[in-house]
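Overview (structure and organization)
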Amino acid sequence: MNFHRIFVEPWQSHAAHYWPVFAMALFVTVACALIGNYLVLRRISLIGDAISHSVLPGIAIAFMMTGSRSGAPMFVGALVAGVVATVIIEVLHSRSRLKQDAAIGITFSTFFAVGVILISIHGAHTDLDLDCVLFGKMDFLPGREPVFLGLPGVTVTMAALALCVGLLIIIFYKELLLSSFDPALAASMGINPRLVHYLLMAVLSVVVVGAFTSVGAILVIAMLILPAATSCMLSDRLWVMLILSVLHAFISSLGGVHIAVALQVPTAPASVVAGAGIFAIVWIVSPRQGLISLWLRNRRSDQVAEA
Amino acid sequence: MSNASGDEPALEVHDLTVSYLRRPVLYGVDFAVAQGSLVGIIGPNGAGKSTLIKSIMGLVPVSGGWARVFGGAVKEQITKVGYVPQRESVDWDFPVNVMDVVLMGCYGRIGLIRRTGGEERVRACAALEKVGMLAYADRQISNLSGGQQQRVFIARALAQESEIYLMDEPFAGVDAATEVALITLMKEMRDAGKTLIVVHHDLASAREYFDMLLLLNMRVVAFGETGEVFTGELLQQTYGGRLTVLSEIADKVAKGEG
Amino acid sequence: MIARNINQPLAVFLLLVLVTDVSAARIGEIIENDPWEQARRFFTFSDPGLRIGLSGALLFGATCGLLGSFIVVRKMALIGDAISHAVLPGVAMGFLWSMEKDPMAILAGATVAGLMGSLVVELIKRTTKIKQDAALGIVLASFFAVGLCMIRMIQNNDGASRITGLKSYLFGDVAVLDRQDVVTMTGVVTVTVMLVILLYRPLLIIGFDREFAHSIGLPVRLLDGLFQLFLTFAIVVALQAVGVVLVSALLITPAAAAYLLVNRMHHMLWVAAAIGMLSAVIGVFFSFLGSNLPTGPFMVLGASSVFLVAYLFAPRHGRVTRWFRHRSRRRDVSNENTLKSIYRIIEKGSADNDAGSVVKIESLAGERRVSKVDLFADLRRLRRVGAVEFVDQGGDVMLTEIGIQQARQVVRNHRLWELYLTNEADYASSHVHDDAEKIEHFLSEEKVAEIERQLDYPVVDPHGQPIPGRGEA
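Rules used in this analysis
Residues numbered from 1 in each chain as written. Chains lettered and ligands numbered in written order. Predicted model: local features only at pLDDT ≥ 70, side-chain atom pairs only at ≥ 80, totals over all residues. Heavy atoms only, no water. Buried < 20%, exposed > 50% of the residue type's maximum accessible area, 1.4 Å probe, protein only. Helix = DSSP H or I, 4+ residues; strand = E, 2+ residues; numbered from the N terminus. Right-handed = clockwise from strand over helix to strand, strands pointing away. pLDDT = per-residue confidence, 0-100. Salt bridge = Lys/Arg side-chain N within 4 Å of Asp/Glu carboxyl O. Core = buried A, V, L, I, M, F, W, Y, C linked by side-chain atoms within 4.5 Å. Contact = heavy atoms within 4.5 Å. Arc of directions from axis to C-beta. Phe/Tyr/Trp six-rings, centres within 6.5 Å; stacked < 30°, edge-to-face > 60°. Polar contact = N/O pair within 3.5 Å; in protein donor to acceptor, adjacent residues only side chain to side chain. Pairing = 2+ DSSP bridges. Buried area = accessible area lost by both parts, 1.4 Å probe. Nonpolar A, V, L, I, M, F, W, Y, C, P; charged D, E, K, R; others polar. Axes fitted to C-alpha atoms, helices over the stretch in contact; angles between N-to-C directions. Parallel < 35°, antiparallel > 145°, perpendicular 65-115°, else oblique. Left-handed = near helix turned anticlockwise from the far one by under 90°.

Turning next to the pairing of strand E8 (residues 195-199) of chain B. With 5 of 5 residues buried, E8(B) lies mostly within the body of the structure. Handedness of the crossover joining strand E7 (residues 164-167) of chain B and E8(B) through helix H5 (residues 176-191) of chain B: right-handed.

Bringing the confidence of the model for chain A into the picture now. In this model, chain A carries an average pLDDT of 82, and 86% of its residues clear a pLDDT of 70 or more. Least confident of the elements in chain A is strand E1 (residues 146-148) of chain A, whose mean pLDDT is 68; most confident is helix H12 (residues 267-285) of chain A, at 91.

One pass over the full model with this rule turns up 18 salt bridges over all chains. Where Asp209(C) meets Arg156(B), a salt bridge forms, and the shortest distance between an N and an O atom there is 2.7 Å. Pair noted here: Asp209(C) is in the loop between helix H10 (200-208) and helix H11 (210-215) and Arg156(B) is in helix H4 (residues 146-160), and the two residues belong to different chains. Pair check on accessibility: Asp209(C) and Arg156(B) agree, each one buried. Across the salt bridge formed by Arg412(C) and Glu452(C), the nearest N and O atoms sit 3.2 Å from each other. Highlighted residues: Arg412(C) in helix H19 (residues 401-424) and Glu452(C) in helix H21 (residues 445-454), separated in sequence by 40 residues. Overall, Glu452(C) belongs to the buried group, its relative accessible area being 12%. Taken together, the shared-partner salt bridges in this structure form one network comprising Lys99(A), Asp91(B) and Asp93(B).

Of all hydrophobic cores here, the largest spans 261 residues; its most connected members are Phe112(A), Phe60(C), Ile130(C), Phe144(C) and Met299(C). It is helix H1 (residues 3-41) of chain A that contributes the most residues to this core, 16 residues altogether. Ignoring anything within four residues of it in the chain, the contact list for Phe112(A) reads His53(A), Leu56(A), Val133(A), Ala217(A), Ile218(A), Phe171(C), Val245(C) and Leu246(C). Val13(B), Val18(B), Leu59(B) and Leu214(B) belong to the second-largest nonpolar core, a separate cluster that totals 29 residues.

Residue and element names in this part refer to chain B. Regarding helix H8 (residues 232-239), the residues found buried are Leu 234, Leu 235 and Thr 238. The buried residues of H8 occupy an angular sector of 100 degrees when the element is viewed end-on, so they sit on one face. Of the exposed residues in H8, those oriented more than 90 degrees away from the buried face are Gly 232 and Glu 233. The inward-facing, buried residues of H8 contact strand E3 (38-42), helix H6 (203-209), strand E9 (212-216), strand E10 (220-225) and helix H7 (226-229).

We now examine the packing of aromatic side chains. All names here are of chain A. According to the stated counting rule, one finds 15 aromatic pairs over all chains in the structure shown. Consider the rings of Phe 22 and Phe 250, whose centres lie 5.9 Å apart with planes at 80 degrees: the pair is edge-to-face. Here Phe 22, found in helix H1, pairs with Phe 250, found in helix H11 (residues 238-263); they are 228 residues apart in sequence, far enough to count as distant. Judged by relative accessible area, Phe 250 falls into the partly exposed class, the value being 37%.

Once that is clear, we can look at the side chain of Thr184(C). Residue and element names in this part refer to chain C. One can find Thr 184 in helix H9 (residues 179-198). Here Gln 180 takes part through its backbone oxygen, which lies 2.8 Å from a polar atom of the side chain of Thr 184. Residues within four places of Thr 184 in sequence aside, it is in contact with Pro 103, Met 104 and Leu 107.

All names here are of chain A. With respect to the helices and strands, Val 156 occurs in helix H6 (residues 153-171). Accessibility expressed as a relative area gives 28% for Val 156, which makes it partly exposed. Measuring from C-alpha to C-alpha, the distance between Val 156 and Pro 20 comes to 9.8 Å, with 136 residues separating the pair along the chain.

The next subject is the pairing of strand E6 (residues 81-84) of chain B. Residues and elements named next belong to chain B. Alternating residues of E6 divide into Val 81 and Tyr 83 and Gly 82 and Val 84, and every residue in both groups is buried. When E6 meets E7, the two strands line up parallel, connected through 4 bridges. If you follow Val 84 over to E7, its bridge partner there is Met 167.

On the side of chain C, 55 residues touch chain A, which itself brings 59 residues to the contact. Buried area between chain A and chain C, both sides added, is near 4900 Å², and the carbon and sulfur share of it is 76%. Connecting chain A to chain C are 0 salt bridges. Between the two partners, chain A and chain C, sit 6 residue pairs in polar contact (both at pLDDT 80 or more). Residue contributions to the side of chain A that touches chain C peak at 15 residues, all from helix H4 (residues 100-122) of chain A. Class assignment for the residues of the side of chain A that touches chain C results in 41 nonpolar, 10 polar and 8 charged.

For Arg43(A), which is not glycine, the phi dihedral falls at a positive 60 degrees. Residue position: Arg43(A) is located in the loop between H1 and helix H2 (45-66). We classify Arg43(A) as exposed; its relative accessible area is 53%. For Glu161(B), which is not a glycine, the phi torsion comes out positive at approximately 50 degrees. Among the secondary structure elements, Glu161(B) is positioned in the loop between H4 and E7. The class for Glu161(B) is partly exposed, based on a relative accessible area of 38%.

Right, let's talk about the packing of H9(C) against helix H12 (residues 220-242) of chain C for a bit. Residues and elements named next belong to chain C. Interaxial distance between H9 and H12 falls to 10 Å at its minimum, and their mutual angle equals 150 degrees. Overall, the two elements H9 and H12 adopt an arrangement that is roughly antiparallel. For the pair H9 and H12, the sense of crossing is left-handed. Residue-level inspection shows Asp 181, Met 185, Val 188, Val 191, Thr 192 and Leu 195 of H9 in contact with H12, the latter providing Leu 226, Phe 230, Phe 233, Val 237 and Gln 240.

Below, the structure written as structure tokens:
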């Protein structure tokens, strides 16, 4: 195993083949990364996880009714399931002495269980199976009919979705910033924080549903949080964080495709592994919050104390 | 200095320094409290009152200095020290009743595995009686008012039968009747030779409640008999704007080091 | 004392499991039978594979319930979820190590991975600005992704022959449990139960008030580590039957249901253990009905159903229970208001309000300011308890002796309270009526007596109306 074989050959021989996979991974991770920044800032990261699990029964039911794995019915089904789950979480923890974490855990596991049962009853021979829930279906993209720049339709849709999320964030930048940082002040200035919250949840649901077919139900949370967590160790400014998280998304999807090719594993978990790797590296070497600088500082202050 | 335990200060704090995220919150705190005193710690928000108590208890890491209880490290004298945390620090929906909470005060003495028996129960009942909560022994704690919750916490401390008590804001958010009952109880405890160190937020009542006051604002501004330190100038120093320089330096240390 | 009680059933249980036939057919292999036939087979326990599956389900159901209780009250629900996902690479490592489904190797690998997961969460929280929720998400998904990649690599190398064994770790399949698994489980469960019993009080106090636990010198860190270790054990033990993805639900949901049902921690432990076992058995039953159905999701649905029942019908906190209580309270108030209205009409009309006075429905509806339909609902209920009687085919009503007593009491409460507010609380007499309208239904006998004493047994309210005496005394 030399450098050339590991790092160069895959790209020479399979570049064209993996272009749609890479593009899809990029668009999914970029869309997730952008919205993920706000989840991390608002400390509601696990709502993203809950929604991504909860959409499963909606998708399964829509799929059983229409028999196809793309298009509007599935999207609507997923959205409805996601919204119902968020409402149930809210009701459970505001109307009983149950705490939010338990409410989230109970709700999404129930929804997910229903989804898994529906899929297993329906049979494993169809297009939607448990592998899809775990790994996503990104690796089957090269077989699809290309419509634009060698990319199949779903990828183009995802690209449009990522672009929309980006535009929304640019347009509502200061409203989102203010209502995430200080909801009370935002409300006093005429920005309804509940409205912002539910809009954010709606956009999140759309992104999660869009990502579902590519990365499955369980790995979405990584795409949402890893970029934001990495970039918040490098910067304190929100707009810098947003840019850095897009960069993280880019590198992790590139690395993901590479790992997938090199190890013959599905691209979705491979991208998460790549993203986690970047996070780990940044965690260690980050100039201000990294483990190394922390250790150096501790040592220095010990020396000062001794002196 | 004699070795008789009666002369040993109940609590001695020497050059205690605490930093949070490399930002100092307490500077070189020095004081010693004689046995049988009722001491109030007062100071503005963010002065480090709770931090001081927690660092004495070893609940937050200290970056320098030490605290001793009856001449020994707090860890070794743990059964002699009772700690009453802020009421908000626990989840009052927790599935326990009043008696369970008070019995927790006896756990420190009976060790890890042994169970509580009749003797502990008697002690817990006596403690509840003293704070006027015996009738509520079987109540689920979520049904208590703020004042009742605080009474239960004090009862738990009584059940510990410690020599010195560190109390974090025991009067915050309690009704007037409870406040009177608790301060009366604390004075009784002092008269019985216990030492009490109480974080307090209300300047007006501090003067009549405590024998001694510790004015704190990131460092000890003054410590002594209430009559001596409860002066306009010292209070101005504690609450006034003079310490902005200190916190500015603290900011600089936090940033400059990094 | 509970320790003694628990060891015996466990020993009997172990014996039962060990005598079952090893070479028995696996549950999943029975395909052709229809659901009814399968249900019959389930309840006769004739299938040895089923017996093993059920024993396993009972064992890990109980463990999950016990440890889950601490998780729920400590608000660690999502930590359980993170650890359960984080064990996946450990499972794959254990599999690689032994190259077959060796429960001990997998248990060891999964435990190490789970503990590493919680360690990394702790480390991220302590060294960076990242908050708990994001730290959990990072560990959960990253470890899970590594596990998925490793599983796929194993599958690539080994072909399909061993896939079934690994796949059950993701969504759960009770049918793959064998006797050795159940023996391992029994060991883990016994130790867990012992731990919970011996360390119940320290764990309770850490859960309720961590700082206080520190302050009385409990080894909090050590106990936390021990708890995490056993939590990981419990997750790993349930892993094959429930699956990585859903095992956290079996920790959270039964315990949350118990949390709604009872008020004391030690009750909660046993109730949660019972619900955990029930959910596990429900899961085995339903997955037994069809072929190739994953067990985990059915167990989760079983637990969720129990939770739903608890949420709706719990004796004190249940939604439906509370609604009924609320409704009966509302009805009592409405009844009392009607009685009061009758009394006042009689009071206005004649000086002597003896039991014979008859009141017209129309005038009553006017006084009471409600529709006749609502009024009749009240009156029918009042007749049932013998407080009023209908006269003249229901056109008029009159109070019985009981009714008069009740009406007097309400009016008395009302006027006493008005007087109390004006005299003692300095309310203007024009402002006290509305408050008294509410308070009159909630004053206890003792309170009334106390107010009476304070006001020196008054006879007239602020508006000059007489305050009826207690009974005729």
